[in-house]
Amino acid sequence: MKSARAFPLLLILFVIAILVAILVAVRPFTPMTEVSPVFSPSGLDAVKPAGSPSPVDSKRVQPRADRPAPALRNPVIAPAGSRDEGVVEFKVVNGLAIAQGDLLLGSTDEVLPGGKGHSEAAPVRFWETPEIPYSIHPEIPEPQRQKIEKAIAYLKQKTPVHLIPYEGQRDAIIFEAGNEHCISVLGKAGGLQPIRLDRDCGTQEVLHEIMHSLGFPHEQSRRDRDQYVEILWPNIEERYRDQYSVLPEIWMEAFRGSRFDTHSIMMYRTDTFSTHPGLATMKSLTADPIQPVADGLSAEDILRLGRLFKTN
Ligand SMILES: [Zn+2]
């Protein structure tokens, strides 16, 4: 009788022991499912080194460009319209010094008369290889994301430039939302450099900004431009005239060995910044009309990229 009563008790104890053993075994896994969302918001610290086999991690990386943008070097406060050979005129928008409408020079805290000034032009740095890491910040809406991806796919198809997913590399291009229209640094800044886009920036503008980040300034600002085009100053809206300035020699490196191209994606259209619709802001001085490519890059742009990355 005694052992018959003890049997159910032993059975219950046995079941409890099994349950405890299961709980102990499962417990170490529980915190991992609780912790994982912590990695998702941004956390550069959570980034695995380049070459990480896990594609999931790269999706979790949502970096912003380095903030604040590097401070502007040697800002020179000079009256608007001053034309020193080595300096670039800029306007301050949201604390960012921007030259020629879309070239981000850096951040500045200085309060400048009229919100503009001049800065000594720093030499352009170039990317060492055409494989350039990039990331699109999640604040960029889906339709625009697709436009960026389209520009990147175009480059991969037509040129040596191959933008590769950012996986924690030191230098990268970060596409992020901004309200300064479409802006980019000229050349490689070092670190995480922004291409800031507002909602109106389409595929062609994204391509144009990527070309800036590869080191190409505006075509009509080349030092030899007066041989090829005439700037029709009175037809340009006054607040945009600085966009037609000739840029310093040290910014011309990307154009080296390349003819003036009136079809380049870096060339403005003749109706851009016109005081009146239909009024041309530039006139060709050659048989070649000013007709920047409307879809993709010009043949010369593609040649230039080959030359830049020595694949021609
Ligand atoms: Zn531009």
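Above this text is the structure in question.
Notes on the structure follow. Everything numeric here is computed off the predicted structure, so don't read it as measured data.

This brings us to the overall build of the chain. For the chain, the count of helices and strands is 6 helices and 12 strands. In the chain, buried positions account for 32% of the 312 residues. Within the chain, contacts between residues at least 6 apart in sequence are counted, and of these 75% link residues at least 24 apart.

So, about helix H6 (residues 299-308). All of the buried residues in H6 are Glu300, Asp301, Arg304, Leu305 and Leu308. Burial along H6 is one-sided: seen end-on, the buried residues are contained in an arc of 145 degrees. Taken together, the buried residues of H6 touch helix H5 (203-214). Just downstream of H6, Lys310 is the residue with a positive phi angle, here 55 degrees.

This next bit is on H5. In a regular helix each residue adds 1.5 Å, so 12 residues correspond to 16 Å; H5 covers 17 Å between its end C-alpha atoms and thus fits that length. Most of H5 sits out of view: 10 of its 12 residues are buried. Buried within H5 are the following residues: Gln204, Val206, Leu207, His208, Glu209, Ile210, Met211, His212, Ser213 and Leu214. Check the buried side of H5 and you find it contacts strand S4 (103-107), helix H4 (142-158), strand S8 (172-177), strand S9 (182-184), strand S10 (192-197) and H6. Positive backbone phi, at 120 degrees, marks Gly215, one or two positions downstream of H5.

Right, let's talk about the nonpolar core for a bit. In terms of nonpolar packing, the biggest core is built from 54 residues, with Ile98, Leu105 and Ile210 touching the most fellow members. Looking at which element gives the most residues to this core, the answer is H5, with 5 residues.

Secondary-structure assignment places Asp109 in the loop between S4 and strand S5 (116-120). Accessibility expressed as a C-beta count within 10 Å gives 10 for Asp109, which makes it exposed. Placed 17 residues apart in sequence, Asp109 and Val92 show a C-alpha to C-alpha distance of 9.4 Å.

This next bit is on the packing of H4 against H5. Running from N to C, H4 and H5 point in directions that differ by 55 degrees, and their axes come no closer than 8 Å. Comparing the axis directions of H4 and H5 gives the class oblique. Note on packing geometry: the crossing formed by H4 with H5 is right-handed. Contacts from Lys147, Ile148, Lys150, Ala151, Tyr154 and Leu155 in H4 reach Thr203, Val206, Leu207 and Ile210 in H5.

Before going further, it helps to spend a moment on the pairing of S8. Sheet analysis places strand S6 (residues 131-136) next to S8, joined by 3 bridges and oriented parallel. Bridge pairing in S8 links Tyr134 to Ile173. As defined by bridge partners, S8 adjoins S10 across 6 bridges and the pair is classed as parallel. Residue pairing in the sheet places Ile173 in a bridge with Gln193 of S10.

Conventions we followed
- Residues numbered from 1 in each chain as written.
- Predicted model: local features only at pLDDT ≥ 70, side-chain atom pairs only at ≥ 80, totals over all residues.
- Helix = DSSP H or I, 4+ residues; strand = E, 2+ residues; numbered from the N terminus.
- Buried ≥ 20, exposed ≤ 12 C-beta atoms within 10 Å, placed from the backbone.
- Contact = placed C-beta atoms within 7 Å.
- Arc of directions from axis to C-beta.
- Expected span 1.5 Å × (residues − 1).
- Core = buried A, V, L, I, M, F, W, Y, C linked by C-beta atoms within 7 Å.
- Axes fitted to C-alpha atoms, helices over the stretch in contact; angles between N-to-C directions.
- Parallel < 35°, antiparallel > 145°, perpendicular 65-115°, else oblique.
- Left-handed = near helix turned anticlockwise from the far one by under 90°.
- Pairing = 2+ DSSP bridges.

Function cannot be inferred from these measures alone, as they are strictly geometric.
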